[in-house]
Amino acid sequence: MDIMRLRGLVRKESRQIIRDPSSIGIAFFLPVLLLLIFGYGVSLDARHVPLALVVEKNSPQAMALVSGFNQSDYFLPIPMRSIQQAEQALMHRKVDGIIWLRHNFARDLLTGGKAPIGVIVNGVDSNKARLIEGYVTGVWFNWLERMTGAQGRKLKVPVTVEHRVWFNAAVRSRDYLVPGLIAIIMTLIGAMLTSMVVAREWERGTMEALMVTPVSMKEVIASKIIPYFLLGMGGMLLSVLMAVFLFQVPLRGSMWPLIVSSSLFMFTAINMGLLISVAAKNQFVAGQIAIVITFLPAFILSGFVFDIRTMPVVIQWLTHLVAARYFVDILQTLFLAGDIWPLFLINSVWLAVMALFFLMIIKKKSRKLLE
Amino acid sequence: MLRKIFALMKKEFRAILKNKKTRMVLIIPPIAQILVFGYSASFDLNKVPFAIYNEDPGLASRQLLARFQGAETFHLVATIDHDDGIAPLINEKKVMLVLHIGPDFTRNLSKGQPAKLQVILDGRNSNSAMISLNYVRTVVMGFNSHWAALHGGHHVPAQLVVSSWFNSSLDSHWFIIPGIVALLALVVTLEVTALSVAKEREAGTFDQLLVTPMTPLEILIGKSLPGFIIGFVEATFIITMTILWFHVPFRGSFLVLYLGIFAFLLSAIGIGLMISSISVTQQQGLMGAFLFLVPAVILSGFATPIENMPRFVQYITYLNPMRYFLIIVRSSFLQGASFDLLWNLYWPMVLIGIATLTAAGMLFRNRMY
Amino acid sequence: MSAANERQPVPPEKRDDTILAVTNVSKRFQVGKRTIHALSEVSFQARAGIVTGLIGPDGAGKTTLMRLACGLLVPDSGSITVLGMNATKDALKVQQSIGYMPQRFGLYEDLTVQENLDLYADLHKVAVKDRPARYEKLLHMTGLAPFTGRLAGRLSGGMKQKLGIACALVSPPPLLILDEPTVGVDPVSRRELWEIVYSQVKEMNMSVLLSTAYLDEAERCSEVVLMHEGRFLGQDAPEAFSSQLVDRTFVIHGRGDGNKRELLRKLSDHPQAVDVIILGDTLRLVTRTSMNCQQAADTFAIDSKLWKIDACKPRFEDAFIDKLQQHREQTGATKRGAITAATVKKKKDEAAIVVKDLRREFGDFVAVKDLSFTVGRGEIFGLLGANGAGKTTTFRMLCGLLPATSGTLQVAGHNLRIARAPARAKIGYMAQKFSLYGDLTVRQNLNFFSAAYGLRGKRQKERIQWALDSFELAEIQDNDSEDLPLGYKQRLALAAALMHEPEILFLDEPTSGIDPLARREFWSHINALASAGVTVMVTTHFMEEASYCDNLVIMARGQVLAAGSPSELTARYRSPDNPEPSMEDTFIHLIEEFEQQQGKTS
C-alpha cells in the first residue's frame, strides 16, 4: 500500500460520493424512508380490536363484563343484537371477535351453575387471534376478581401466573422490531452502496484506466471500503437517532459496543457488496443480486420478525449464513437489555469471520486483469 | 390487430423464456421462497427453551413442573437454585423464560391460599414472549382444573369458551402461506413487466416499435399478456403447493380466488408497466420496482396487521393492490368466503390496474425526455 | 488458390529501436457459446520515437491488442514485449512506464478537470513540488486552463479527449497508448488532438501507439499496422500502401444527363473493379490492374459522351479496400450484388419530407433551432454533424418519436407524431446501433417486424424469404441476433426496416463501426433503393459518407450551417492551395466561420 496513491483514491471516491446524489440518497434517504415505513407499518400488537358484544339479556353482571371490555384499551366493542348479526359481521371482517352472553348467563351465574362466556375469534390471522384471546382472558379475569370482591370474597384460583417481562415491560413490539429493522436496512444499504459503485467503474471504463496506472488492487479495494464505510456509518447513526428519538426505543447498552458492532457489521455488509460487484461488473446485475441475496434473507432469516428459535433445525443452520442475523441479535440486546458480553462477543466474532472471509474472496477474485 | 398483438406477445415470451437467467428467475425463487417461507415464517413456538427455579420442596410444585416438562411446546434447558442464575440464562438467550416457584407454593396450595407461579420472560422479542406466556397459562389452567377436581374448593362462576373460526388450532402457517401466493405473484409479475419497456428503451428497440403502425393499446396488450400468463402459472403453482404440500385447507371457490388473481395481476402489471415506461434504463426499472415492492409488501398486512398502523399509513395502504388480494386469498382458503363477502375488494384493484395501464400507455410516447 | 495468395504478410525484422514487440500473439474470448478469435497469430514491432497507427475496422482486434500490451489481458499464446519488459509477467512495471487512454477516455465525469489530474498524479506518484509546472504545461497544451474547475462530464467530446490525454501524460511516459482517441469527436478537435500527439513526439521523443477506425487518419501516422478480423494484414508507411495503387484510381465526372446510380451498378458488377463509390456528382473507381484513362474507359465501356474519366491520386482507403478484397477472395467469399427493390410510384408534385422552422427545446437548452429543409422523392438526404449537433433530435422528431416544441414537419404528407398507424406504415426506420431483439433469432426478428408492420400470410412469407435471400441471412437465420457480427446485424436491421417496402427510409448512423467493405455494400443497397424511388434520410458523422448523399445539411449546435449538394458545398472552399477540398475541410471551414460569428454576436 502506498499512502499517496491511497489518499488520492480515497479523495476521489469521497468527491464522487459528495457529487453523486444517488449514493447520498442510498445512505441517508433510503434508511429514513424504510425506517419510517417499517417503523410505523410493522407492529404486532393489537389495539382497538373491533369486537362484537352480544348480550342477549341484560343483567348487572353482564353489564360489568361489558364495561370491562369498554374500558380496555385493546378493544373497540360494538354492541350487537343477535349472534347472527355478530357472525355476519365476523364473516364480513367488520369485527375480529365476538363475545356472546346468552340469555341465561345471569341465572346460571347466580345459581352457581357454570355460566359460559362464548368467545369466537377470527382465526385467519392466527397471531392476532391469539393476542385477542389473551386480552379477553385478561378482561375476564379482572371481571371475576371484581365480582368476587364485591361479594366480599377473594377469588380462589389454585395457581396464579404472575409474569415479569424483562427488557420490555410494556410489551411493545415496536421496541424489538425497530432495532432489527436497523440491521436489515443497513445490510441492504451497505451492500447496495458498494455493489453499484465498483460495477459503475467497470461500466464507465474508468476501471480500465485505473488499472493501467501503477496502482495495486489492494489500494483500489481499500479506497472503496474506507469512504463507503464512513458513509454507511453515517446512515447507521441516523437510524439509531431515529430509533431513540422518533420511535422512543430505549437504548440501554453503552455506546462503544454499539460503535464496535456497527463498524464490524458495516464492514461485513460493504465487503459483501464489493464481492457482488467484483463478480458482476455490471451495475444492473450487481443491483439485482444485492437485492435478492441480501434483502430477502435478511428479512426472513435474521430473526427480525420471525423468531429463529421457532424454525426447523435445517433452516436454523441456514440462518448462520445471514450476516444480519448476528447484528439483529446484537442490536436487540443492546437496545433493550444492555451490555451482555457473552452474546456480544459471539456475534461479533461471527461477523468478523464473515467479513474476513468475504475480504479473502474479494482479494482472490480481483486480479489486475480485465478477464 | 390481433395478429400484431399476438406477434408482440410471442416475441415477449421468447425473450423471457429464451434466456437461461431469466428462466431461472422465474423458477428458482418461487420454489425456494415457498419452501423457506413455508417452514420458517411462523409465529408459533415449539420447544420453547425454559429453565426451572424451584424453591419449594413440596409435591405440588413438582407435579406442576412435570406438566411443563412433558409438554411438546416446552423444552427444559436448565434447573437453577439461585436468583443469580436467572439473569445469565435470560440475558444470553439460553432460555426464553424461567419458571420460578417460591418456597411456600405447596403449603399455600394445600391451605387453599393462592399459590404463585412466577414467569420471567425475555422481552427482546415481545411477540414470542407473549405467545410463550399464553402457553404457560394454558398449562397452568390444565393443572388448576385438575387440582380443583381432586381437592375441590375452587370454583369459577363463569368460564370462557373460546372457539376460533377458520383456523381452530391457530396455526400461523395457515395465515402466512396463502399470503405467499400474493407475495410471489406480485414479485414475479413486477419482474417480468417492470423491465420490459425499460429494456427495449435501453436497447433502442422501443423506438423501432413506436415507428411501426402498432398503436399504444396494441403494444400495451402485447406487453401485458406475458405477465398475466406467467403470473397465473406461478400463482397456480403456489396454490397447488399450499394445498398439497403444506396441507392448508382450501374451503372457498376457485372462481372467487381466480377472479381475485385476475384483478390483482391486472393492477400489478399496470404498476410494472408504468414503472417501466418512466424508466430510461433497466437499472431505473429495477430500482423503481424495488422501491414499490418493499413498502407494498410491508404495508399489505402480509405479516403484520394493517389495523395496527397509524391512520395516515392506513390511508396509504388503500393504494396497495396487495392489501386487497391478501384478504381475498386468505378468505378463500380459510374462510371459504363467497363472492358477496369480497366484492368490494375487487374493484379497487381493477381501478388501480386501469389507471396505471392508461398512464403507462400514455407514457410510451409522451415520456419527459 | 495460388501459392502467392496464401502467403502471410511478413512483418519487418526486429530492430534496435523497437519499443513494442508483438510475437505470434493469439487471443480468444468466449461469448456465450461462440468463441471469438480476437487475435490470431499477430506479430509486428513498433519503433521508438514515432506514431504507429493500429488501423482496422471494429472487431479487428485493436483494443484487445492494446489491452494485452498494457498487461490487462493475458495472451493465449505468443508474447508481447513493451520497453524491453514482458507485458504479461512484468505487468506492474510496464504500467509504471506507460501512459494509456482507453476508449471513452477513462475520465471520472463527476470530478473536475483539476481533480482528475490530481488523481492521476497521485496514482503515478508525481512529486507534489513538480506538479504545478507539469499541470501548467499540460493545461496550456490542451487549452483546458480556463476550465480546471469544470466537471469532466460537462466538457465537450473534444475537451474530454484532451483531458484524457493530459491524464495519461501527467507523468511523461516513454510510450503513450491511445485507444480510438478520435471516436465521436468533431473534425476540429481531431485536428487539435493530432497536434498534441505530434508535439509530444517532437519535444519528449515520446513513442505513440494509436488505434483508429478512421482510414483517413492513417495518413497522419508515421507507420501503420493494418488489421482485420484479428489478423495482421501489413505494416508500412501509409504512403507505401497507397503508392501500390498508382494508376489504378480514377474519378469519373458526369457531362450532363448520365445517371450516376446506373453507372455505379454497371461498374461495380464488373470483375475489374475493386471499388466504386459515389462522391457527390462524381464516381470514384479503383481498378484491379494498372491502366491509363483510355484503357479504363474501354475496359468498363464508359460512354465518353456522358462521362469524363480522369486519373487521380490513390488514398490510403483505396489501399485498405484493395487489401480487404484480396483477403476476402482468399477466403473464397464472393462479391454480393445490391438488393432488388420494387419501384415506388412517383408523385412528382409532392415532396417527401418538408421541415419548416422546426425547434426543440429541453428546458433552457435549444437542441434544434429553427430548422428548415425539403427532401424530394427518391433522394438520398444526409444530416451531417458531430455528436451533439442536434442530428438525432431532429431525426427523432421526423420519425414521430419526439414532439417538436414548435414548427411544422411533414413526412409523406403526415406529421408522424399525430398520424394514425397507416401513415406510419409508409416509413421504415433503422435505429442507431442497429437495434434488434438480441435474444431472438434472425428469423424471429424478421417474423416479428413483418407482423408489426401488418404483413401476413403469403406476403409475409415472401418478404421474409426476400430478406433472407437478398441480405444473405438464410444461413444464419437460426442464430441469435445478439451473437451476430456487427456487419450482419446491420444487414438484418436494414432488412427489418424494409419488410413492408416503405416509401421513406430513415437511417440513423447506419454505418458506424462497420468495416469499409460492408459499408460499400450497404451503400450499394441504399443506391438501389433510391433508384427505385425510395426516399432515404440518413444521419452520419462520417464526413466522407456525406459525399454519398444527393443533398445534405450540415448541422452544429442545433443550427443549419449549410445546405446543398456535396459538390456545391465543397466548391465554396475551393482555393489555390486546396483545389479539391474534402468534405472534412468544408466542415472545418464552416465550423470556424460559425464560431467567429457566434463570437461577434455574443
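Just so it is clear, the model here is predicted, and its values are computed rather than measured.

What follows deals with the overall build of chain A. Check the secondary structure of chain A and you find 14 helices and five strands. Relative to the 2.2 N^0.38 estimate, which gives 21 Å for 371 residues, the radius of gyration of chain A is 28 Å and therefore markedly larger than a compact globule would have. Judged by the C-alpha coordinates and their principal axes, chain A covers about 95 × 40 × 40 Å. Scored against the burial criterion, the 371 residues of chain A give a buried share of 62%. Considering only residue pairs separated by 6 or more positions, chain A has 79% of its internal contacts joining residues 24 or more positions apart. When the accessible area of chain A is evaluated, it comes to approximately 14,400 Å², of which 65% is carbon and sulfur surface. Here chain A holds 36 positive side-chain charges and 22 negative ones, and the gap between their average locations is 1 Å.

It is worth spelling out the overall build of chain C at this point. Check the secondary structure of chain C and you find 20 helices and 23 strands. Taking 602 residues into account, the globule formula puts the C-alpha radius of gyration at 25 Å, and chain C, at 25 Å, falls close to it. Within chain C, residue pairs in contact and separated by at least 24 positions form 71% of the contacts whose partners lie at least 6 positions apart. Working note: accessible area of chain C is about 24,700 Å², and carbon and sulfur atoms make up 48% of it. The average position of the 73 basic charges and that of the 74 acidic charges among the side chains of chain C differ by 4 Å.

Now for the domain arrangement of chain C. Residues and elements named next belong to chain C. Structurally, chain C comprises domain 1 (3-238), domain 2 (244-330), domain 3 (337-426 + 507-566) and domain 4 (436-501). Taking only C-alpha atoms, the centre of domain 1 and the centre of domain 2 are 36 Å apart. Facing 15 residues of domain 1, the contacting portion of domain 2 comprises eight residues. Both faces considered, domain 1 and domain 2 share a buried interface measuring about 990 Å² in area, 77% of it formed by carbon and sulfur atoms. Where domain 1 touches domain 2, the interface holds zero salt bridges. The interface formed by domain 1 and domain 2 includes one residue pair in polar contact (both at pLDDT 80 or more).

On to the sheet that holds strand β11 (residues 249-254) of chain C. Residue and element names in this part refer to chain C. Read from one edge of the open sheet, four strands run β12-β13-β11-β14, paired in antiparallel fashion. The open sheet terminates on both sides in strands that have one partner only, identified here as β12 (273-279) and β14 (307-311). Within the sheet, the average angular offset between the axes of one strand and its neighbour, ignoring direction, is 20 degrees. Pairing geometry for β11 and β14, over five bridges, is antiparallel. Its bridge partner lying in β14, Val-251 is registered against Asp-310. In the packing of helix α9 (residues 260-268) onto the sheet, the strands contacted are β11, β12, β13 (282-287) and β14, and the crossing angle to β12 comes to about 165 degrees.

In this section: the interface of chain A and chain B. Often, the extent of an interface is quoted as the loss of accessible area on bringing the components together. If you look at the interface, chain A gives 92 residues, while chain B gives 101 residues. A per-residue breakdown of the area chain A buries against chain B is headed by Arg130(A), Pro158(A) and Arg309(A), which together make up 9% of the total. Arg130(A) serves as the salt-bridge partner of Asp44(B), at 3.2 Å between the closest nitrogen and oxygen. The element best represented in the side of chain A that touches chain B is helix α6 (residues 126-150) of chain A, accounting for 12 residues. Of the residues contributing to the side of chain A that touches chain B, the split by class is 53 nonpolar, 22 polar and 17 charged. Of the strand pairs in this sheet, strand β5 (residues 159-166) of chain A and strand β4 (residues 115-122) of chain B are connected by eight bridges, and their pairing is parallel.

Let's shift gears to empty space enclosed by the protein. In the structure shown here, the tally under the stated rule is 11 cavities of 30 Å³ or more. Here the largest cavity is characterised by a volume of approximately 110 Å³. Every residue lining the largest cavity is counted, 16 residues in all, and those nearest its centre are Ala209(A), Tyr100(C), Tyr120(C), Cys167(C) and Ala168(C). Looking at the lining of the largest cavity, the elements that each hand over two or more residues are β6 (98-101) and α6 (157-168) of chain C. Ranked by residue count, the leading element in the lining of the largest cavity is β6(C), at four residues. Here the second largest cavity is characterised by a volume of approximately 70 Å³. Looking at the second largest cavity, the residues that line it are Val42(A), Phe299(A), Phe304(A), Val305(A), Val297(B), Ile298(B), Phe302(B), Ala303(B) and Thr304(B). Classifying every residue of the lining of the second largest cavity by side-chain character gives eight nonpolar, one polar and no charged.

In this model, helix α14 (residues 341-365) of chain A (25 residues) spans 36 Å end to end at C-alpha, consistent with the 36 Å of a helix rising 1.5 Å per residue. Considered for burial, the residues of α14(A) that qualify are Leu343(A), Phe344(A), Asn347(A), Ser348(A), Leu351(A), Met354(A), Ala355(A), Phe358(A) and Ile362(A). The elements touched by buried residues of α14(A) are α9 (217-246), α10 (255-280) and α13 (323-337) of chain A together with α4 (86-91) of chain B.

So, about the domain arrangement of chain A. For chain A, the assigned domains read domain 1 (3-42 + 172-365) and domain 2 (49-150). Between the C-alpha centres of domain 1 of chain A and domain 2 of chain A there is a distance of 48 Å.

Residues and elements named next belong to chain C. Phi is positive for Glu-41, close to 50 degrees, though the residue is something other than glycine. Inspection of the secondary structure puts Glu-41 in strand β2 (residues 34-47). In this structure, Ala-301 is a non-glycine residue whose phi angle is positive, near 50 degrees. Mapped onto the fold, Ala-301 is located in the loop between α10 (293-299) and β14.

This paragraph deals with a nonpolar patch on the surface. Residue and element names in this part refer to chain B. A cluster of nonpolar residues, Leu-255, Leu-259, Phe-339, Trp-343, Trp-347 and Leu-351, forms a patch on the protein surface that exposes about 680 Å² of accessible area. Only α11 (254-278) and α15 (339-366) provide two or more residues apiece to the nonpolar patch. Here the nonpolar patch takes four residues from α15, the largest share from any one element. Positionally, Trp-343 belongs in helix α15. For Trp-343, a relative accessible area of 48% translates into the label partly exposed.

Turning next to the sheet that holds β4(B). Spatial ordering of the open sheet is given by β5(A)-β4(B)-β3(B)-β1(B)-β2(B), a layout of five strands whose pairing is mixed. For this open sheet the edge positions go to β5 of chain A together with β2 (74-80) of chain B, each flanked by a neighbour on one side alone. In this sheet, neighbouring strand axes are inclined to one another by 25 degrees on average, regardless of whether the strands run parallel or antiparallel. Pairing between strand β1 (residues 48-54) of chain B and strand β3 (residues 97-101) of chain B: five bridges, direction parallel. Each bridged residue has a counterpart across the sheet, and for Asn54(B) the counterpart in β3(B) is Ile101(B). Each of β5 of chain A together with β1, β2, β3 and β4 of chain B touches helix α3 (residues 59-70) of chain B; the most contacted strand, β1(B), lies at about 170 degrees to it.

What follows is about the interface of chain C and chain A. Taken together, the contact pairs 32 residues of chain C with 27 residues of chain A. At the boundary of chain C with chain A, total buried surface from both sides reaches about 2,800 Å², with 59% on carbon and sulfur atoms. Per-residue buried area on chain C facing chain A is highest for Leu72(C), Tyr108(C) and Leu123(C); these three make up 23% of the total on that side. At the boundary of chain C with chain A, the tally comes to five salt bridges. A salt bridge links Arg15(A) to Glu115(C), with the nearest nitrogen and oxygen atoms 3.1 Å apart. Secondary structure elements with two or more residues in the side of chain C that touches chain A: β1 (18-31), α3 (91-97), β6 and α4 (113-123) of chain C. At five residues, α4(C) tops the list of elements feeding residues into the side of chain C that touches chain A. Its residues assigned to classes, the side of chain C that touches chain A shows 18 nonpolar, six polar and eight charged.

Conventions and cut-offs
Residues numbered from 1 in each chain as written. Chains lettered and ligands numbered in written order. Predicted model: local features only at pLDDT ≥ 70, side-chain atom pairs only at ≥ 80, totals over all residues. Heavy atoms only, no water. Helix = DSSP H or I, 4+ residues; strand = E, 2+ residues; numbered from the N terminus. Rg over C-alpha atoms; globule rule 2.2 N^0.38 Å. Buried < 20%, exposed > 50% of the residue type's maximum accessible area, 1.4 Å probe, protein only. Contact = heavy atoms within 4.5 Å. Areas by Shrake-Rupley, 256 points an atom, 1.4 Å probe, with all protein chains shown as cover. Lys, Arg positive; Asp, Glu negative; His and termini not counted. Charge placed at Lys NZ, Arg CZ, Asp CG, Glu CD. Domains from an automatic or database assignment. Buried area = accessible area lost by both parts, 1.4 Å probe. Salt bridge = Lys/Arg side-chain N within 4 Å of Asp/Glu carboxyl O. Polar contact = N/O pair within 3.5 Å; in protein donor to acceptor, adjacent residues only side chain to side chain. Pairing = 2+ DSSP bridges. Axes fitted to C-alpha atoms, helices over the stretch in contact; angles between N-to-C directions. Nonpolar A, V, L, I, M, F, W, Y, C, P; charged D, E, K, R; others polar. 1 Å grid on protein atoms, 1.4 Å probe; cavity = no way out; pocket = protein on both sides within 12 Å on 5 of 7 lines; lining within 4 Å. Points joined across faces, edges and corners; volume = space filled by probe spheres on them. Expected span 1.5 Å × (residues − 1). Patch = residues over 30% accessible without salt bridge, like charges linked within 9 Å, V, L, I, M, F, W, Y side chains within 5 Å.

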